[in-house]
Structure formats: C-alpha cells, structure tokens
Amino acid sequence: MANEDVREIPLANVARAEVVTEETTPKTYVVDTYNEVTLEAFVSEGEEKELRKGNRLIAQLKTEDLIKGYNVKLKDLVMTPEVFALIDGGESTMSEEGSFASYTGPKMGEAVQRTPFTLNLYTEEKDADGETKGYLKVTCKHCKGSPASITLKDGDFFAPEYELKSRPKRGERPLEITALTELPA
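This write-up is about the structure you can find in this document. Predicted model only: the values in this text are computed from it and were never measured.

**Some details on the overall build of the protein**
A tally of helices and strands in the protein yields one helix and 12 strands. Traced from its N-terminal end to its C-terminal end, the protein shows the element sequence β-β-β-β-β-β-α-β-β-β-β-β-β. The C-alpha atoms of the protein give a radius of gyration of 21 Å, which is well past the 16 Å a tight globule of 185 residues would have. In the protein, buried positions account for 26% of the 185 residues. Carbon and sulfur atoms make up 48% of the accessible area of the protein, which amounts to about 13,300 Å² in all. Here the protein contributes 24 positive and 34 negative side-chain charges, whose respective centroids are spaced 11 Å apart.

Listed below in structure tokens is the structure:
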C-alpha cells in the first residue's frame, strides 16, 4: 500500500465576504467586517435496519447520509443596511445624499419573499512566517436569510448575527472551495 502525500493548508481569518443576489440583474455586496462564520452540514440521515436471530446478525439494510445543504451563521462587527435587509427580509432606504435613512422589517404574520443569494467567503492561507500565501474562496449557493438577531448593550458595539440556509438544487453541489492567489478586485 502506497502512502499518499497530503497538502496542509493553514487557514486563518475571514478576509472578506461577497453577497451576490440571484436576480435578473444581480447586486454584489462586499462585506469585510464578518468576524465569525460557521457552516453546519444539513443532512438527511440514513438508517440502519438489522435482521437478527438472538445473538446472530444475519443481515443489514443501510442507507447513507445525504447532504441537503448548509446552515450558515454569520457574525458581523457593523451593520450593513442593504445586507441586513436582504437577510432579514425587510426594506432599507437611503437618503438623497447616499447615507442610511431607515429600515422597516417584514410585516408580522405574513410570508416574506426573500431574495436568494450566493455567499462567497474568503479566508487566508498563511505561511510559516505569518505572511498570506493565498486565499480560499468558499461558495454556498441559493442562500436565504431568516429574521436577524439584535442585541444592544451599553458599552458595547452592535454586532448583528445572521442565520442563513443554503439549499442547492438537485444535482448541484452544496459547497465549492477554490484556491486563489489574490482577492478579486
């Protein structure tokens, strides 16, 4: 049996995120303030059924776990009104000068048509001297948000937390990871 050499990739930090709406005319929001991201596999768990006679195992029926997508948690350091509205399901407005004017959440008790989006996350590949050698881009397609969690606290900054569901279509892969030499312009 031959040994396989493995490539170790030391990763650190959330370098950047891109939220790209899945619309006829997509909008791309670049966010560089996410400081924590968690991707948790969403699976349909397989089953095992045994055929036993006393202390003897005669046969088994097994089905494998199947990936259905990912549940994503994002923690941000600041509020980005456009992204907040996209994920939460409400509407953000800007003043004529281009500054934030208002946000209104979705109506209570009514279904919300959230715009699906692709989430691109970038993390840094580090070298032994601490320099950045490259980046890995992690892509989750067809994300939809849910109502955002808000915590306001004296003496602390507001840090929104978002929960997303990434659910690919049949035949699509739920996760893509691509090596890059630099961040996109």
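**A closer look at the side chain of histidine 142**
Mapping histidine 142 onto the fold places it in strand 10 (residues 132–145). Here glutamate 172 takes part through its side chain, which lies 2.7 Å from a polar atom of the side chain of histidine 142.

**Thoughts on the layout of surface pockets**
Taken as a whole, the largest pocket spans an internal volume of roughly 240 Å³. Along the wall of the largest pocket there are 15 residues; nearest its centre are Glu82, Ala85, Leu86, Gly90 and Thr115. When residues in the lining of the largest pocket are grouped by element, the largest group, three residues, is from helix 1 (residues 81–88). A class-by-class count of the residues in the lining of the largest pocket yields four nonpolar, six polar and five charged.

**A few points about the nonpolar core**
In terms of nonpolar packing, the biggest core is built from 20 residues, with Tyr34, Leu74, Phe117 and Leu119 touching the most fellow members. Of all the secondary-structure elements, those providing two or more residues to this core are strand 1 (11–21), strand 6 (66–76), helix 1, strand 9 (117–126), strand 10 and strand 11 (161–166).

**Considerations on the pairing of strand 5 (residues 56–62)**
Two elements, strand 4 (residues 48–53) and strand 5, share six bridges in a ladder whose sense is antiparallel. Looking at strand 5, one finds that arginine 52 is bridged to leucine 57. Between strand 4 and strand 5, which pair antiparallel one after the other, the connecting turn spans two residues, and glycine 54 there sits at a positive phi close to 60°.

**Re the pattern of salt bridges**
Applying the stated criterion across every chain, the model contains six salt bridges. The residue glutamate 36 makes a salt bridge to lysine 75 at a minimum N-O spacing of 3.8 Å. With a gap of 39 residues between them, glutamate 36 in strand 3 (residues 34–44) and lysine 75 in strand 6 connect regions that are remote in the sequence. Residue glutamate 125 pairs with lysine 133 through a salt bridge whose shortest N-O separation is 3.7 Å. One salt-bridge network, held together by shared partners, links Arg7, Glu125 and Lys133.

Conventions and cut-offs
- Note that residues are indexed from 1 along each chain, following the sequence as it is written.
- Since the coordinates come from a predicted model, pLDDT governs what is reported: local features require at least 70, and pairs of side-chain atoms require 80 or more to be given and counted, while whole-chain, interface and lining totals use all residues.
- With hydrogens and water set aside, each side-chain value is computed from the structure's full complement of heavy atoms.
- Only DSSP runs of H or I reaching four residues or more are called helices, and only runs of E reaching two or more are called strands; each is numbered from the N terminus.
- Within these notes, the globule rule equals 2.2 Å times the number of residues to the 0.38 power, and the radius of gyration is based on C-alpha atoms.
- When accessible area is computed with a 1.4 Å probe and restricted to protein chains, residues below 20% of their type maximum are described as buried, those above 50% as exposed, and intermediate ones as partly exposed.
- We get accessible surface area from the Shrake-Rupley algorithm with a probe of 1.4 Å; when it comes to residues, only the shown protein chains can shield them.
- Asp and Glu are treated as the negative residues and Lys and Arg as the positive ones, with His and the ends of the chain left uncounted.
- Each charge is placed at NZ for Lys, CZ for Arg, CG for Asp and CD for Glu.
- Counting of polar contacts relies on pairs of N or O atoms within 3.5 Å, with two restrictions inside protein: one atom must be capable of donating a hydrogen and the other of accepting it, and residues adjacent in sequence are counted only when both atoms are side-chain atoms.
- Whether a set of points on the 1 Å grid over the protein atoms alone is a cavity depends on a 1.4 Å probe fitting there but being unable to get out, while an open set qualifies as a pocket with protein on both sides within 12 Å along at least five of seven lines; lining residues are those with an atom within 4 Å of a point.
- Grid points are joined across faces, edges and corners, and a volume is the space filled by probe spheres set on the points.
- Throughout, the ten residues Ala, Val, Leu, Ile, Met, Phe, Trp, Tyr, Cys and Pro are labelled nonpolar, Asp, Glu, Lys and Arg are labelled charged, and all others, Gly among them, are labelled polar.
- We call a set of buried residues a nonpolar core when its members are Ala, Val, Leu, Ile, Met, Phe, Trp, Tyr or Cys and they connect through side-chain atoms within 4.5 Å of each other.
- Between any two strands, pairing holds if DSSP finds at least two bridges.
- Any carboxyl oxygen of Asp or Glu within 4 Å of a side-chain nitrogen of Lys or Arg constitutes a salt bridge here.

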